[in-house]
Amino acid sequence: MTDPQPPLLPPTFSAIPQPLHKTVTMVGLMGAGKSVIGKRLAARLGVPFVDADTEIENAAGFTIADFFARFGEAAFREGEAKVISRLLEGPVCILATGGGAFMNANTRALIRTSATSIWLKASLDLLVSRTAGRSHRPLLNQGDPRAILGDLMERRYPVYAEADVTVPLVDESPDATCDRVQAALETYLGHPLLMPVRGPSE
């Protein structure tokens, strides 16, 4: 299998770098690397990285797993939508969302108008290898992880496909993936992204 090629630049592509003007929302299933890639992309562009799950835990006062156990998934999704709405009203950032966030029609519509969404599209084998032995994933604690992930892919991938940008994942270093994510984002935006100049001590 050959590695995915960088997207071809459209004829309207500008060579002039510009800063990131709109929040970028990372979309994908658990294990896709939304936080890992999001942190790297944020560091490159000199903007904050925000993890929606962490913000939800801070607001609720306990972990996502505890929230699921106490109140159920429906209550969690309602709280998740409120937190993401608040974050999208804040400063420009790279925002990693939970795997189910983009499935909420209202949240998806808000992301469409207030952010640029990037879907990190992973294969089942890659997701299984990355989530193996992780007990903090509530949905994977309810049965066979491979079967659960396969079911989630079947139901969620057609909706994830509505994201502005899709980046297929391969087994490579996080920095290499971040290179491809940045290239895809710049192609979508139509210009290179301005990256802050760092001193020798940074």
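Calculation notes
- Residues numbered from 1 in each chain as written.
- Predicted model: local features only at pLDDT ≥ 70, side-chain atom pairs only at ≥ 80, totals over all residues.
- Heavy atoms only, no water.
- Helix = DSSP H or I, 4+ residues; strand = E, 2+ residues; numbered from the N terminus.
- Buried < 20%, exposed > 50% of the residue type's maximum accessible area, 1.4 Å probe, protein only.
- Contact = heavy atoms within 4.5 Å.
- Areas by Shrake-Rupley, 256 points an atom, 1.4 Å probe, with all protein chains shown as cover.
- Phe/Tyr/Trp six-rings, centres within 6.5 Å; stacked < 30°, edge-to-face > 60°.
- 1 Å grid on protein atoms, 1.4 Å probe; cavity = no way out; pocket = protein on both sides within 12 Å on 5 of 7 lines; lining within 4 Å.
- Points joined across faces, edges and corners; volume = space filled by probe spheres on them.
- Salt bridge = Lys/Arg side-chain N within 4 Å of Asp/Glu carboxyl O.
- Pairing = 2+ DSSP bridges.
- Core = buried A, V, L, I, M, F, W, Y, C linked by side-chain atoms within 4.5 Å.
- Axes fitted to C-alpha atoms, helices over the stretch in contact; angles between N-to-C directions.
- Parallel < 35°, antiparallel > 145°, perpendicular 65-115°, else oblique.
- Left-handed = near helix turned anticlockwise from the far one by under 90°.
- Nonpolar A, V, L, I, M, F, W, Y, C, P; charged D, E, K, R; others polar.

Asker: Would you take a moment to explain the overall build of the protein chain for this structure?
Answerer: On a plain count of helices and strands, the protein chain comes out with seven helices and five strands. Put simply, the protein chain has 202 residues, and 44% of those count as buried. The long-range fraction of contacts in the protein chain, counting pairs at least 24 apart against all pairs at least 6 apart in sequence, stands at 76%. Counting every atom, the protein chain has about 10400 Å² of accessible surface; 55% of that belongs to carbon and sulfur.

Asker: Sorry if this is basic, but what is going on with the packing of aromatic side chains here?
Answerer: By convention here, two paired aromatic rings are described through the distance between centres and the angle between planes. Per the stated rule, a full pass over the model turns up eight aromatic pairs. Geometrically, the ring pair formed by phenylalanine 68 and phenylalanine 76 is tilted, given 4.9 Å between the ring centres and 45° between the ring planes. Phenylalanine 76 carries the same exposure label as phenylalanine 68, and that label is buried. Put simply, the rings of Phe62, Phe67, Phe68, Phe71 and Phe76 pair up and form one aromatic cluster.

Asker: How should empty space enclosed by the protein be read in this particular structure?
Answerer: In this approach, a probe sized like a water molecule rolls over the atoms, and the result shows the empty space that is left. All chains considered together, the criterion is met by one cavity of 30 Å³ or more. Taken as a whole, the largest cavity spans an internal volume of roughly 50 Å³. Phe102, Arg108, Ile111, Arg112, Ser117, Glu162, Ala163 and Asp164 are the residues that line the largest cavity. The element contributing the most residues to the lining of the largest cavity is helix α4 (residues 105-114), with three residues.

Asker: What should I look at first to understand the pattern of salt bridges in this one?
Answerer: Scanning the entire structure with this criterion turns up eleven salt bridges. Salt-bridge contacts for glutamate 78 lead to lysine 82; the nearest nitrogen and oxygen are separated by 3.7 Å. Here lysine 82 and glutamate 78 lie together in helix α3 (residues 64-88), a separation of four residues that amounts to about one turn. Relative accessible area serves as the criterion here: at 48%, glutamate 78 is assigned to the partly exposed category. Relative accessible area serves as the criterion here: at 55%, lysine 82 is assigned to the exposed category. Here arginine 112 and glutamate 162 are joined by a salt bridge, their closest N and O atoms 3.0 Å apart. One end of the pair, arginine 112, is in helix α4; the other, glutamate 162, is in the loop between α6 (145-160) and β5 (165-168), with 50 residues separating them in the sequence.

Asker: I'm lost on the pairing of β5 in this one. Help?
Answerer: Working note: regular strand, side chains alternate between the two faces of the sheet. Here β5 shows a clear split, with Val165 and Val167 buried on one side and none of Thr166 and Pro168 buried on the other. Relative to β5, strand β4 (residues 115-121) is paired through four bridges, and the arrangement is parallel. Considered in β5, the bridge of lysine 121 is made with proline 168.

Asker: How should the nonpolar core be read in this particular structure?
Answerer: Generally speaking, nonpolar side chains in soluble globular proteins are found buried as a group. With 53 residues, the main nonpolar core has Ile118 and Leu120 as its most contacted residues. Of all the elements, α3 adds the most residues to this core, at eight residues. Beyond its immediate stretch of four places on either side in the chain, leucine 120 contacts Met26, Val27, Gly28, Ala32, Gly33, Lys34, Ile37, Val167, Leu169 and Val181.

Asker: Sorry, what's going on with the packing of helix α5 (residues 124-131) against α6 here?
Answerer: For any two helices packed against each other, the geometry comes down to the angle between their axes and how far apart the axes lie. Packing of α5 against α6 brings their axes to within 10 Å, and their N-to-C directions diverge by 130°. As summarised for this structure, α5 and α6 are arranged oblique, according to the angle between their axes. The two elements α5 and α6 meet at a crossing, and its hand is right-handed. Contacts from Leu124, Asp125, Leu127, Val128 and Thr131 in α5 reach Arg146, Leu149, Gly150, Met153 and Tyr157 in α6. In terms of residue class, the contact of α5 with α6 is made up of six nonpolar, two polar and two charged.

Asker: Honestly, the sheet that holds β5 in this entry has me stumped. Any pointers?
Answerer: Sheet strands line up and pair through hydrogen bonds in the backbone, either parallel or antiparallel. If you walk across this open sheet you meet the five strands as β2-β3-β1-β4-β5, and the pairing is parallel. The two strands at the open ends of the sheet, each matched to only one other strand, are β2 (49-51) and β5. In this sheet, neighbouring strand axes are inclined to one another by 25° on average, regardless of whether the strands run parallel or antiparallel.

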